[in-house]
Every structure is written in structure tokens, then in C-alpha cells.
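Listed here are the chains, written in short residue letters.
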Amino acid sequence: WYQRRVRGFLTPPGALCFGELGALCPKSGGELQYIKLTYGRMASFVNLWVLLIVSSMGPAVIALTFSTYFLSLFMENDSDHFVLAKKCVAALAILIVVAICIYGTRAGVRVQNFFMVMKFLAIGVLILLAIIFLCRGRTENITAGFEDTNTNFTGWSNALLSSLWAYNGWTSINVVASEVKNPQKNLPRALIITGVVVTLSYIVINLSYHTILSPEELKKSESIAVLAGETFFSEYGGSWMIFGKYLFGASVALSTFGALLSIILSFSRLPHVGTMEHMLPSVFGLVSRKNKTPVTSLVFLGFTSICCVWPSNIGDLIVYVGFLSWIFWGLCFLAVIILRFKQPSLRRPFRVPLFIPVIAIVTSLYLILGSIIAEPLISGVWLLVTLMAVPVYYGYVDTEESCNKWSGALTQRLTSYFDSNES
């Protein structure tokens with residue numbers, strides 16, 4: 001419980017830093033542009049290299065969460081074929097979302113808005129049930145959640161690294177900054193408002209879960225919301241328990257499907273931006289003439305996300321995504337300070353006090369070092385994968401000609417097949 005409360009206070013400094021950077025440099029690509037502006041083109045390519053990995057793992061995590069709750073409506077989590085079915089449904093969900101995004105951004109936004117409304121309705125119902133639970137004097141679960149709190153350095157680091165992933169939506173809007181109206185004003189405003197709403201929502205949701213379920217139930221269950229619904233309504237009989245199962249299972253499935261749509265809609269811009277910055281072959285820059293969507297970027301992201309679904313589980317993917325992400329988010333937080341002195345004349349419609357990026361930098365260092373100490377081998381492998389971008393950059397990306405020399409024929413064929421334009 002303490003970790004959930006702490007992570008709610010660690011998120012705003014990062015969001016505020018991205019608010020200043022987004023208003024300072026309102027270009028699509030988000031952190032890719034901030035790293036380039038501060039540290040140069042090569043560092044920006046290394047960041048893009050990592051972003052392409054993270055942008056594949058992120059949708060895989062959400063798709064697996066969706067399939068877990070969706071399948072919990074029809075089969076038990078411990079059934080023989082549950083794991084295989086979960087991965088198949090996750091892959092199918094990614095394909096459907098990619099198809100929606102290819103059809104058009106407006107269609108994707110409309111579907112996403114519908115699922116957002118459903119999400120907040122489900123949150124409201126869950127909070128109401130927790131209040132009813134407390135009014136009955138059922139406080140044994142929430143008090144038990146404070147017992148045996150772990151104060152280990154690496155234990156807290158790993159727990160925060162995993163749980164903070166749920167809050168990292170504040171990085172997504174900056175990726176599509178050029179598509180936002182009046183980004184200098186609306187980006188910081190959106191980050192502040194959504195940061196407050198999401199933080200309060202997650203704290204209240206977790207309080208609700210801890211009220212209805214015991215610590216043992218929270219640890220064992222893969223579908224916590226389904227179990228919470230069953231537990232609350234079980235007092236009213238079997239039919240009501242089934243109602244609670246389907247109510248919360250369907251609500252979380254709809255919510256995660258909307259989140260999957262949001263993250264693919266956002267991350268699909270990254271390969272396209274890489275092409276515009278001459279860091280990726282032009283084949284990734286194809287845009288549909290009819291729907292104005294980055295077709296090849298969406299196809300690429302869908303394929304790589306499905307590849308991440310099969311060999312991994314949700315917990316591992318979240319840790320990998322968190323470790324890699326916080327390395328470059330830390331560099332972005334540091335960029336706020338560096339750019340204040342390096343380029344003081346740049347227009348800053350939104351400024352944060354310097355202690356804000358300092359807090360964010362310290363948080364990043366703690367999370368990164370904690371991961372390295374806890375799992376040095378896995379962390380070392382991912383650091384090595386990150387550094388592999390350096391020889392790739394100097395071998396293939398240092399000039400526009402070398403970046404495009406091997407993909408010209410493929411680009412021409414795909415341009416005709418998808419009825420697309422090159423960016």
C-alpha cells in the first residue's frame with residue numbers, strides 16, 4: 001500500500017518536466033526530440049532504438065491484460081489451455097486495434113473515447129462497492145494491507161518500477177505533439193489535469209481493492225477486479241456473484257482494450273518520426289492517401305507487439321519496459337536543467353521550478369540502480385542491447401543515403417500496395 005501512495009507522488013515531477021519540454025519543443029516524437037535537442041543526433045537514435053523496443057512491449061503488456069480479463073469471463077485462470085488462449089486473444093486484439101488505427105485516426109479516437117467513458121463508470125461502481133463494504137464495518141482487509149511492509153532498497157525499487165508503469169501515460173501525448181492544437185498551452189494543461197486525475201483514480205482504486213480483498217487474495221489472483229466483484233456480490237447468492245464477475249471482468253476488458261488502442265495510436269508515430277528525422281528507412285514513413293495514417297508504422301508495430309506476446313509474461317515485460325524507459329526519461333529530466341543554461345533564449349510558455357527535475361532525476365537513478373542491483377544479468381543484457389544502437393548508427397544511419405540505400409525498392413512496392421505517400 002505504501003508503494004502505491006509513494007508512486008502517486010513520484011509521477012507529477014516527471015509529468016511536469018515533460019510539460020515544459022513539450023511546450024518548448026512541440027514536435028512529434030516526444031522524448032526523441034528532447035534528447036536530440038540536448039544531447040545530439042546519435043543519442044537521439046539510441047533513444048529511438050530503445051523506443052522501438054519499448055513500443056513493442058507496451059502494447060503486448062496491455063493486450064495480455066485484456067485477454068486475461070476477457071477470458072476470465074469464460075474459463076478459469078488455472079485451466080490447461082488458459083495461457084495459450086490468453087496469448088492468442090492478445091494477438092487478435094492487437095490485430096483488431098491496428099486495423100482500426102489504419103482505417104483512420106478519427107475512428108480510433110471515437111472508439112477510445114467510448115472505452116474511456118466505460119472505464120470511469122466501472123471505477124465509480126468499484127468505489128461505491130468499497131464504500132458499502134466499509135459502511136458494513138468490514139475493515140479487516142484494508143488494515144491488514146499495512147502489515148509486514150517491506151523496506152528493502154531493491155524490493156521497493158522493483159515494486160515501484162513495475163507499478164509506475166501504470167502511470168506513464170504522461171509520456172504518450174508528447175509523442176503526437178504536432179497533432180495537438182496549440183501544443184504550447186494544451187500539452188502542459190493536459191499533462192497536469194490527466195496526471196492529477198490518473199493519480200487520484202489509481203489510489204482510490206487500490207484502496208477499493210484492499211478494502212474488498214485480503215492481501216492473500218490480491219497476491220494469488222490474476223484477475224483482481226473479477227475476484228473483487230465475486231467477493232462483494234457473493235453475500236447475495238450465486239446469481240449475484242456471477243453478475244459481479246461479468247460486470248467487472250467486462251469493464252476491465254473494455255478499459256484495457258481502450259488503453260491498447262491509445263498506446264498503439266501514439267507509439268505508431270515513432271517509426272514515422274524516425275523516418276522524418278532520417279534515422280529509419282523511408283519505408284516506415286508511408287502515409288495512407290485516403291486515411292492519412294502511418295500504415296507501415298502501424299503494421300510494423302503490430303507485428304513486433306505480437307512477437308512480444310508469445311515468449312513473455314506480463315510481469316517480465318513491465319520490468320523490461322520500465323528499466324529501459326526510465327534511463328531515457330532520466331535524461332529528459334536532466335535536459336530541462338541543461339537547456340535552461342545551454343539555450344536560455346528559447347521560448348518557454350511553461351516553466352517548472354528547478355527542484356522538480358531534480359526530484360525526477362533522483363527518482364530515475366533510484367529505479368535504475370535498484371534494477372541493476374536486484375537483477376544485474378538481465379539489466380546488463382538490456383544495457384548491451386541499448387548500446388548496440390551505437391555501431392548501427394555509425395554504420396547505417398549517420399547519413400540519409402546509407403539509411404535508405406537498402407529499402408528503396410521495398411518502399412516503392414509498398415507505396416503502390418498501400419496507396420500511400422512518402423513523408
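Conventions we followed
- Residues numbered from 1 in each chain as written.
- Predicted model: local features only at pLDDT ≥ 70, side-chain atom pairs only at ≥ 80, totals over all residues.
- Heavy atoms only, no water.
- Helix = DSSP H or I, 4+ residues; strand = E, 2+ residues; numbered from the N terminus.
- Buried < 20%, exposed > 50% of the residue type's maximum accessible area, 1.4 Å probe, protein only.
- Contact = heavy atoms within 4.5 Å.
- Areas by Shrake-Rupley, 256 points an atom, 1.4 Å probe, with all protein chains shown as cover.
- Axes fitted to C-alpha atoms, helices over the stretch in contact; angles between N-to-C directions.
- Left-handed = near helix turned anticlockwise from the far one by under 90°.
- Phe/Tyr/Trp six-rings, centres within 6.5 Å; stacked < 30°, edge-to-face > 60°.
- Patch = residues over 30% accessible without salt bridge, like charges linked within 9 Å, V, L, I, M, F, W, Y side chains within 5 Å.
- Salt bridge = Lys/Arg side-chain N within 4 Å of Asp/Glu carboxyl O.
- Polar contact = N/O pair within 3.5 Å; in protein donor to acceptor, adjacent residues only side chain to side chain.
- Core = buried A, V, L, I, M, F, W, Y, C linked by side-chain atoms within 4.5 Å.
- Expected span 1.5 Å × (residues − 1).
- 1 Å grid on protein atoms, 1.4 Å probe; cavity = no way out; pocket = protein on both sides within 12 Å on 5 of 7 lines; lining within 4 Å.
- Points joined across faces, edges and corners; volume = space filled by probe spheres on them.
- Nonpolar A, V, L, I, M, F, W, Y, C, P; charged D, E, K, R; others polar.

### As for the overall build of the protein
At step 1: Helix and strand counts for the protein stand at 20 helices and two strands.
At step 2: A buried classification covers 51% of the 423 residues belonging to the protein.
At step 3: Looking at the protein alone, contacts between residues at least 24 apart form 79% of all its contacts between residues at least 6 apart.
At step 4: Counting every atom, the protein has about 19400 Å² of accessible surface; 67% of that belongs to carbon and sulfur.

### Thoughts on the packing of helix α3 (residues 41-72) against helix α14 (residues 295-309)
At step 1: One way to put it is that α3 packs onto α14 with a least axis distance of 8 Å and a crossing angle of 65°. For the crossing formed where α3 meets α14, the hand is right-handed. For the pair α3 and α14, contact is made by L52, S55, S56, M57, P59, A60 and L64 and by F300, L301, T304, S305, C308 and V309, respectively.

### Remarks on the packing of aromatic side chains
Working definition: an aromatic ring pair is given by the centre-to-centre distance plus the angle between the planes.
At step 1: All told, the structure shown has 10 aromatic pairs when counted by the stated rule.
At step 2: For the pair F18 and Y34, a centre-to-centre distance of 5.9 Å together with 80° between the ring planes defines the contact as edge-to-face. With F18 in helix α1 (residues 2-24) and Y34 in helix α2 (residues 31-39), this residue pair connects regions lying 16 residues apart in the sequence.
At step 3: Among the residues examined, F18 registers a relative accessible area of 1% and is labelled buried.
At step 4: Look at F45 and W49: their rings are 6.2 Å apart centre to centre, the planes differ by 55°, and that puts the pair in the tilted class.

### Some words on a nonpolar patch on the surface
At step 1: Nonpolar side chains collect at one region of the surface, where L365, L369, I372, I373 and L383 lie side by side and expose about 420 Å² of accessible area between them.
At step 2: In terms of residues, the nonpolar patch owes the most to one element, helix α16 (residues 355-374), which gives four residues.
At step 3: Relative to the helices and strands, L365 is located in helix α16.

### Looking at the side chain of S251
At step 1: Summarising the element assignment, S251 is placed in helix α12 (residues 238-267).
At step 2: Of the polar contacts made by the side chain of S251, one reaches the backbone oxygen of L247; its length is 2.6 Å.

### Some points on the nonpolar core
At step 1: L260, I264, W326 and F333 are the most contacted members of the largest nonpolar core, which has 106 residues in total.
At step 2: Looking at which element gives the most residues to this core, the answer is α3, with 17 residues.

### A word on α16
At step 1: Under the 1.5 Å per step criterion, the end-to-end length of α16 is 28 Å for 20 residues, consistent within 8% with the ideal 28 Å.
At step 2: Every buried residue of α16 is accounted for by I356, P357, A360, I361, T363, S364, L367, I368, G370 and S371.

### Observations regarding the layout of surface pockets
At step 1: Here the second largest pocket defines a volume of roughly 360 Å³.
At step 2: What lines the second largest pocket is a set of 20 residues, among which F45, W49, L52, L280 and F300 lie closest to the centre.
At step 3: Sorting the residues of the lining of the second largest pocket by element identifies α3, α14 and α18 (389-397) as the ones contributing at least two each.
At step 4: Counting residues per element, the lining of the second largest pocket draws most heavily on α3, which supplies seven residues.
At step 5: Across the lining of the second largest pocket, the residue classes break down as 18 nonpolar, two polar and no charged.

### Focus: the pattern of salt bridges
At step 1: Taken as a whole and assessed by the stated rule, the structure comprises three salt bridges.
At step 2: A salt bridge links R340 to E20, with the nearest nitrogen and oxygen atoms 2.8 Å apart. Pair noted here: R340 is in helix α15 (residues 314-342) and E20 is in helix α1, with a separation of 320 residues, a long-range link.
At step 3: Between E20 and R348 there is a salt bridge; the shortest N-O distance is 3.6 Å. Of this pair, E20 sits in helix α1 while R348 sits in the loop between α15 and α16, placing them 328 residues apart in sequence.
At step 4: E20 gets classed as buried once you look at its relative accessible area, which sits at 1%.
At step 5: With relative accessibility at 11%, the residue R348 sits in the buried group.
At step 6: One salt-bridge network, held together by shared partners, links E20, R340 and R348.

### Details of the environment of F243
At step 1: Along the chain, F243 falls in helix α12.
At step 2: A sequence separation of 10 residues divides F243 from F233, and the C-alpha atoms of the two residues are 7.8 Å apart.

### Observations regarding the environment of I368
At step 1: In this fold, I368 is placed in helix α16.
At step 2: On the basis of relative accessible area, I368 is assigned to the buried category, the value being 16%.
At step 3: Setting aside residues up to four positions removed in sequence, I368 forms contacts with F323, W326 and I327.

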